[in-house]
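Close look at the chain arrangement
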Amino acid sequence: MSADTTTSGDGPVPELRERAVACAERLRDADRVLLASHIDADGLTSAAVAASALERAEIPFETVFAKQLDEREVARIAATDYETVLFTDFGSGQLDVIAPHAAEGAFTPVVADHHQPADLPDGVPEPGHHLNPLLFGLDGASELSGAGASYVLARALEPSDGDNRDLAALAVVGAVGDMQATDGGLSGANQGIVDEGVAAGVVEEATDLLVYGRQTRPLPKFLEYASDVRIPGITNDANGAVEFLSGLDLDLREDGEWRRWVDLTMSERQTVVSGLLKRAIASGVPASRIDALVGTTYTLTDEAPGTELRDVSEFSTLLNATARYERADVGLAVCLGDRGDALDRARTLLRNHRRNLSEGLQWVQNEGTTVEEHVQWFDAETRIRETIVGIVAGMAVGSSGIRGDIPILAFAEKSDEEVKVSARGTHALVREGLDLSAVMREASRAVGGDGGGHNVAAGATIPTGSREAFVAEADRIVGEQLS
Ligand SMILES: [Mn+2]
């Protein structure tokens, strides 16, 4: 029998753990720490995990957030009198900017990230406190998120009488929010974190219907909006969903109100699932799509049943809604346990977010995209907020009237001087060689901007007026990648 260390107290990967211990030592040596994190679901949970761990280790800290860690932002950080800066969910891709400041003695960086590390300028030494799964042969897009890297650090920061495994709950929210789950389930080092969360009694893993809104949506809305697997006559069909449910011979209303998925007994759920499967088969939905209806789900057992926070995917959606509207303070407060004002605010932000997304998608579908040789694009200018234009682009690829066999570039105005670009591809294109992270970095730098991200989804900021040159450059690079 070989020793399996993946689920031991050493955390998900022993080499990562060793690096985390070195990072933790640096943090313990600091009088106080500036915690800087990315503004998205993964970045917010990263910050919450790190903040909780610093608090418990009695290390004073202050938290700041940024949408993008560019030269200006790093310079602002360097100008503070913090000697130690902990970067979470970003920092690796900006090491070329951070390391020179560190070399000059402005601050000592500790980085817990999962994005592609940048090459350093000649003669600038590699910072020593760099915790990133990519340095240890793990996939940063599917095996460990920023929150996961922060969690590994948090375990290393545990006081001798403490146990930070409860923070696995937030790390799982971060991984799911970072789109690291396939068929609902996490893998790699992420699975190790799930196991620790289960052992700590904060996470529950189950096989269930993979439909958004298990905790919060009344059954007809729950099925109507289940758009990942389209079932004719139910999906996007309010009357159809009600008719389907009414025909099941179950008592699905309580005091005249529709019950929610979470309210059903196991046997009631089975009746609904088998009815759905029958309907899907009868309507000719392909078997592979039908399989995608059911998969792994994660429940946070300390959260109240029937709330967004109980279900990991609903929790991460709620956080994203706060992030997209620059309310990182609200998202962080929810992560740190505020169930009053912050939660109310987050819910309002989510309602507005949904309305903005559907209006945005409608607009793209009406306008259509401009198709180049290897990419398609649209410029929303100020019609779609730059913070949600990427999500709209992802929803648009392959939707009604928009091609799904080439990547999409989406532009939106950021300021008078800057334009935000978001790129979205498909996993099929990535298998053929598409790497949008490289496309966005190279094409943006060619026009005086900067960018990066993941192979299937990436972003950049470019100077106003450079759109045409950027599209030409991106089109050429994508052509090279896919040839
Ligand atoms: Mn992330």
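As the structure is a computational prediction, the values presented were derived from the model and not from experiment.

Looking at the overall build of the protein chain
Looking only at helices and strands, the protein chain has 18 helices and 15 strands in total. In terms of overall size, the protein chain behaves like a compact globule, its C-alpha atoms giving a radius of gyration of 23 Å where 483 residues would be expected to give roughly 23 Å. When the backbone C-alpha atoms are referred to their principal axes, the protein chain occupies close to 70 × 60 × 50 Å. Of all 483 residues assigned to the protein chain, the portion counted as buried reaches 52%. A separation of at least 24 residues holds for 66% of the contacts in the protein chain among residues at least 6 apart in sequence. When the 42 basic and 79 acidic side-chain charges of the protein chain are each reduced to a single mean position, those positions are 5 Å apart.

Describing the sheet that holds strand 15 (residues 457-463)
Across the sheet, six strands lie side by side as 10-11-12-13-15-14; this open sheet has mixed pairing. The sheet is open, and its two edges are formed by strand 10 (370-371) and strand 14 (450-453), each paired on a single side. By the bridge criterion, four bridges tie strand 11 (residues 376-379) to strand 12 (residues 408-413) in an arrangement that is parallel. Along strand 12, the bridge assignment pairs Phe378 with Ala410.

Looking at the packing of aromatic side chains
Under the definition given, this model contains six aromatic pairs. Taking the centre distance of 6.3 Å and the plane angle of 70 degrees together, the rings of Trp363 and Phe378 count as edge-to-face. Of this pair, Trp363 sits in helix 14 (residues 341-367) while Phe378 sits in strand 11, placing them 15 residues apart in sequence. Per residue, the accessibility class of Trp363 equals that of Phe378, and both read buried. Chaining the aromatic ring pairs together yields one cluster made of Phe87, Phe90 and Phe107. The ring of Tyr82 carries the charged tip of Arg32 above its face, separated from the ring centre by 4.1 Å.

Quick notes on the packing of helix 2 (residues 41-56) against helix 13 (residues 328-335)
For the pair helix 2 and helix 13, the least separation of the axes is 9 Å and the interaxial angle reads 50 degrees. Taken together, the axis directions place helix 2 and helix 13 in an arrangement best described as oblique. The hand of the helix 2/helix 13 crossing is right-handed. Where helix 2 approaches helix 13, its residues Leu44, Thr45, Ala47 and Ala48 are matched on the opposing element by Ala328, Gly331, Leu332 and Cys335.

A closer look at the coordination of the manganese ion
For the manganese ion, the full set of protein donor atoms is Asp42 (OD), Asp89 (OD), His114 (NE2) and Asp178 (OD), at a range of 2.1 to 2.6 Å. Ordering the donors of the manganese ion by residue number gives the pattern D-x46-D-x24-H-x63-D. You can see Asp89 sitting in the loop between strand 3 (84-88) and helix 4 (95-103) and its partner His114 sitting in the loop between strand 4 (108-112) and strand 5 (130-131), a full 25 residues away along the chain. What makes Asp89 buried here is its relative accessible area of 1%. The class for His114 is buried, based on a relative accessible area of 1%.

As for the side chain of His38
Looking at where His38 falls in the secondary structure, it is placed in strand 1 (residues 33-38). At 3.2 Å, the side chain of His38 forms a polar contact with the side chain of Asp89. Setting aside residues up to four positions removed in sequence, His38 forms contacts with Gly43, Leu44, Phe65, Ala66, Lys67, Thr88, Asp89 and Phe90.

Focus on the domain arrangement of the protein chain
For the protein chain, the assigned domains read domain 1 (7-186), domain 2 (209-358) and domain 3 (368-482). Taken residue by residue, the interface counts 21 residues in domain 1 and 19 residues in domain 2. Here domain 1 meets domain 2 over a buried area of about 1,600 Å², counting both sides, of which 79% is carbon and sulfur. The tally of links between domain 1 and domain 2 comes to one salt bridge. One salt bridge connects Glu326 with Lys67, and the closest N-O pair in it is separated by 3.8 Å. Across the domain 1-domain 2 interface, the total number found is two residue pairs in polar contact (both at pLDDT 80 or more). If you list the elements that add at least two residues to the side of domain 1 that touches domain 2, you get helix 2, strand 2 (61-66) and helix 6 (168-177). Taken together, the residues that form the side of domain 1 that touches domain 2 break down as 12 nonpolar, six polar and three charged.

Regarding the nonpolar core
Within soluble globular proteins, side chains that are nonpolar tend to cluster in buried spots. Membership of the largest hydrophobic core comes to 66 residues, with the highest contact counts inside it found for Leu27, Leu86, Leu153 and Phe315. The element that contributes the greatest number of residues to this core is helix 2, accounting for nine residues. Two domains each donate at least three residues to this core, and these are domain 1 (7-186) and domain 2 (209-358). With sequence-adjacent residues up to four places away left out, Phe315 is seen in contact with Leu170, Val173, Leu300, Glu308, Leu309, Val334 and Cys335. Core analysis: the second largest hydrophobic core is formed by 24 residues, Leu219, Ile231, Leu276 and Ala280 among them.

Observations concerning the pairing of strand 4
Where burial is concerned, most of strand 4 is hidden: four out of the five residues are buried. Of the pairings in the sheet, the one linking strand 3 to strand 4 comprises five bridges and is parallel in character. If you follow Leu86 over to strand 4, its bridge partner there is Val110. Taken together, strand 3, helix 4 and strand 4 constitute a β-α-β crossover, and its handedness is right-handed. Strand direction decides the pairing type here: strand 4 and strand 5, joined by two bridges, are parallel. When the bridges of strand 5 are listed, Val111 appears paired with His130.

Here is what the cut-offs are and how they apply
- Residues numbered from 1 in each chain as written.
- Predicted model: local features only at pLDDT ≥ 70, side-chain atom pairs only at ≥ 80, totals over all residues.
- Heavy atoms only, no water.
- Helix = DSSP H or I, 4+ residues; strand = E, 2+ residues; numbered from the N terminus.
- Rg over C-alpha atoms; globule rule 2.2 N^0.38 Å.
- Buried < 20%, exposed > 50% of the residue type's maximum accessible area, 1.4 Å probe, protein only.
- Contact = heavy atoms within 4.5 Å.
- Lys, Arg positive; Asp, Glu negative; His and termini not counted.
- Charge placed at Lys NZ, Arg CZ, Asp CG, Glu CD.
- Pairing = 2+ DSSP bridges.
- Phe/Tyr/Trp six-rings, centres within 6.5 Å; stacked < 30°, edge-to-face > 60°.
- Lys NZ or Arg CZ within 6 Å of the ring centre and 35° of its normal.
- Axes fitted to C-alpha atoms, helices over the stretch in contact; angles between N-to-C directions.
- Parallel < 35°, antiparallel > 145°, perpendicular 65-115°, else oblique.
- Left-handed = near helix turned anticlockwise from the far one by under 90°.
- Donors = N, O, S within 2.8 Å, 3.2 Å for Na, K, Ca; no water.
- Polar contact = N/O pair within 3.5 Å; in protein donor to acceptor, adjacent residues only side chain to side chain.
- Domains from an automatic or database assignment.
- Buried area = accessible area lost by both parts, 1.4 Å probe.
- Salt bridge = Lys/Arg side-chain N within 4 Å of Asp/Glu carboxyl O.
- Nonpolar A, V, L, I, M, F, W, Y, C, P; charged D, E, K, R; others polar.
- Core = buried A, V, L, I, M, F, W, Y, C linked by side-chain atoms within 4.5 Å.
- Right-handed = clockwise from strand over helix to strand, strands pointing away.

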